Amino acid sequence: MVRGNIIDLTAVGKPAPARAGLDLAASDVTASDNQVSVRGEVDPNVTGIRLSEPAINLLVHDNLVRTCGHGIVARPCRSSVTEVGAHGTFLESALPLEWPVGHRYRGWNLVWLGGANTDKLCTIAEFDAETCRFRLEQPLKISVGDSFAIFPPSANWTLHSNTIADCRRPVALDGYGSPTSVFRQNPVTRGWAADVAQAVTIAGEYKLIGNHLQGVDEPESAALVLLPCRAGKTLRNVVRDNVFENCVQPVQERAKGLWAAATKHGNTFLDCPSAEQTEAAPAEPIPAAFVPAEATRHALLEAGHLAGPIAVDGSIDEWPWTDPKRAMPIRYTPTGDELLDSKGRLCAA
Amino acid sequence: MSTPKDTPLKAGLDWSGDGVELSLRGVNTAEVTPIFVLWGTVDGTFQGSTAMGASAAQIARLQRSARYAARLGDAEWTCEWQLPFAALGMIAAPAKGLKLNVGLRTLADDSWAAWVPTGGRVCEVDLAGEVQLRN
């Protein structure tokens, strides 16, 4: 239980590194009635509440998150194979160890992010708590270094009645989610934060029920952004009984068909120019604005020949910085928080 | 890389200053290399590390052949690396490219930033990004 705390993450004096008010990475946690905020201007390096897969049974409610760069963030969990054993078993580098009496990852989903099985979705047979080896239901040819992510068939995440206000990226549900990952009855308002490109982004399987998304009214911004599933699944998200108020674009999809595949009814659109709603002509189903995803699922940098020779002198003018396939920003913390102001760029040739 | 306001950059080897960590490995099946970890700081000096499996001899070979330079500006500092494939233990450019990550250490706010977040150490390149080499 994490309850009733006032967490002030205001930076005092020198610049402060990326930090989070609550970092929920373990299972079976209730976090409620906390206030996480920054005094003064929005701090792009602050995350209010971070939830990390593969935690299960998380209950997050009645928290207030204000003036943070990121409000509530859910993140996926990745690991890689460190040793391949007999019968398709393997050791890995990053997952939480499980007790013999626990779920031992039985029936969990595993999607390969690298190696010969990239994008293949598998089921974990079990985790041996004594040898720390994983075994898949269907053995595969895997190699040391193959990276993967896991997520449970049922995460049991309930996030409700949280107030998220004045944040640059209010809500980013970036994990794989599950049928029991629910975000409901949360007021999400832009407030006086600027450059709020989206209020809520979803990259996995979540249910959005009864939320109030308000004031996402800057040009090109969107209240709800749907991203394609990294595991390649056809997501059937539930978007029901939400109020979209004063939003330039209520819904935006980064792959075609995401909004059409969602289960949606009872949503209300007030003062949304692109979704005029009247008694005679109800706005639902509204069309979702399609904006192609910027990034590929895997970070990929192309390195071609340069137009001329390079002098290794620290001056970078001769590098092709304007080619987006060859130059990319450095804008994450090692643990995965997005830095809203990138700290640098890299380019390869 | 952006330069912190009001706090001068500080050079330092052994990850003690402002600088960049470059980690990479070749991913050809027949030519798996260890993960090479390099640290370059703002005064143009650099070093390699055996922390991710490269032997001392491999690191020494890379340090002899690699070139690194840094330049400080008012609002940003820049650096360049040049790494011969042979110094990375590869006969030629790996057809499948390289696994790579870049970490940026900033002393002013005691922070690390990464090209690709790995969930832990920046040098875990198998969880990071890829570089595809084009002709």
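Nothing here was measured: the structure is a model prediction, and the numbers come from that model.

Q: Whenever I open this one, the pairing of strand β19 (residues 177-184) of chain A confuses me. Can you help?
A: Every other side chain in a regular strand lies on the same face of the sheet, so the side chains alternate between the two faces. Residues and elements named next belong to chain A. Pairing between strand β16 (residues 157-160) and β19: 4 bridges, direction parallel. Counterpart to H160 in the pairing with β19 is R184. Relative to strand β22 (residues 205-209), β19 is paired through 4 bridges, and the arrangement is parallel. In the strand pairing of β22, G177 is matched with E205.

Q: It is not clear to me how the interface of chain B and chain A should be interpreted in this structure. Could you clarify?
A: How big an interface is tends to be expressed through the accessible area that disappears when the partners come together. Each partner contributes to the interface: chain B provides 42 residues, whereas chain A provides 36 residues. Only β5 (67-72), β6 (77-82), β7 (98-106), β8 (111-114) and β9 (129-133) of chain B provide two or more residues apiece to the side of chain B that touches chain A. Element by element, the count of residues in the side of chain B that touches chain A is highest for β9(B), at 5 residues. Its residues placed into classes, the side of chain B that touches chain A shows 19 nonpolar, 14 polar and 9 charged. Pairing geometry for strand β31 (residues 300-303) of chain A and β9(B), over 4 bridges, is parallel.

Q: Can you walk me through the sheet that holds β22(A) in this structure?
A: Strand pairs in the sheet, formed through backbone hydrogen bonds, run parallel or antiparallel to each other. Judged by pairing direction, the sheet is parallel, and its 8 strands sit side by side in the order β1-β4-β7-β16-β19-β22-β25-β28 (chain A) without closing on themselves. Both outer strands of the open sheet, β1 (2-3) and β28 (263-265) of chain A, are each paired with one neighbouring strand and no more.

Q: What am I meant to see in the sheet that holds strand β29 (residues 268-270) of chain A here?
A: Residues and elements named next belong to chain A. With respect to topology, 8 strands assemble into an open sheet ordered β2-β5-β8-β17-β20-β23-β26-β29, the strand pairing being parallel. Only two strands of the sheet have a single neighbouring strand rather than two, namely β2 (6-8) and β29. Between one strand axis and the next, the sheet turns by 10° as a mean value, whatever way the strands run. One ladder, built from 2 bridges, connects strand β17 (residues 163-165) with strand β20 (residues 187-189); its direction is parallel.

What counts as what
- In this convention, every chain numbers its residues from 1, walking through the sequence in written order.
- Chains and ligands are labelled by the order in which they are written, letters from A for the one and numbers from 1 for the other.
- With pLDDT at 70 or above as the cut-off, local features in this predicted model cover only qualifying residues; side-chain atom pairs require 80 or more to be listed or tallied, and sums for whole chains, interfaces and linings still use all residues.
- Pairing between two strands is assigned when DSSP locates at least 2 bridges connecting them.
- Going along the chain from the N terminus, every DSSP run of H or I of four or more residues is numbered as a helix, and every run of E of two or more is numbered as a strand.
- We call two residues in contact when the distance between their C-beta atoms, placed using the backbone, is within 7 Å.
- Residues are sorted three ways: Asp, Glu, Lys and Arg are charged, Ala, Val, Leu, Ile, Met, Phe, Trp, Tyr, Cys and Pro are nonpolar, and all the rest, Gly among them, are polar.
- Every axis in this analysis is a line fitted to C-alpha atoms, fitted for helices over the stretch in contact. Angles between the N-to-C directions lie between 0 and 180 degrees.

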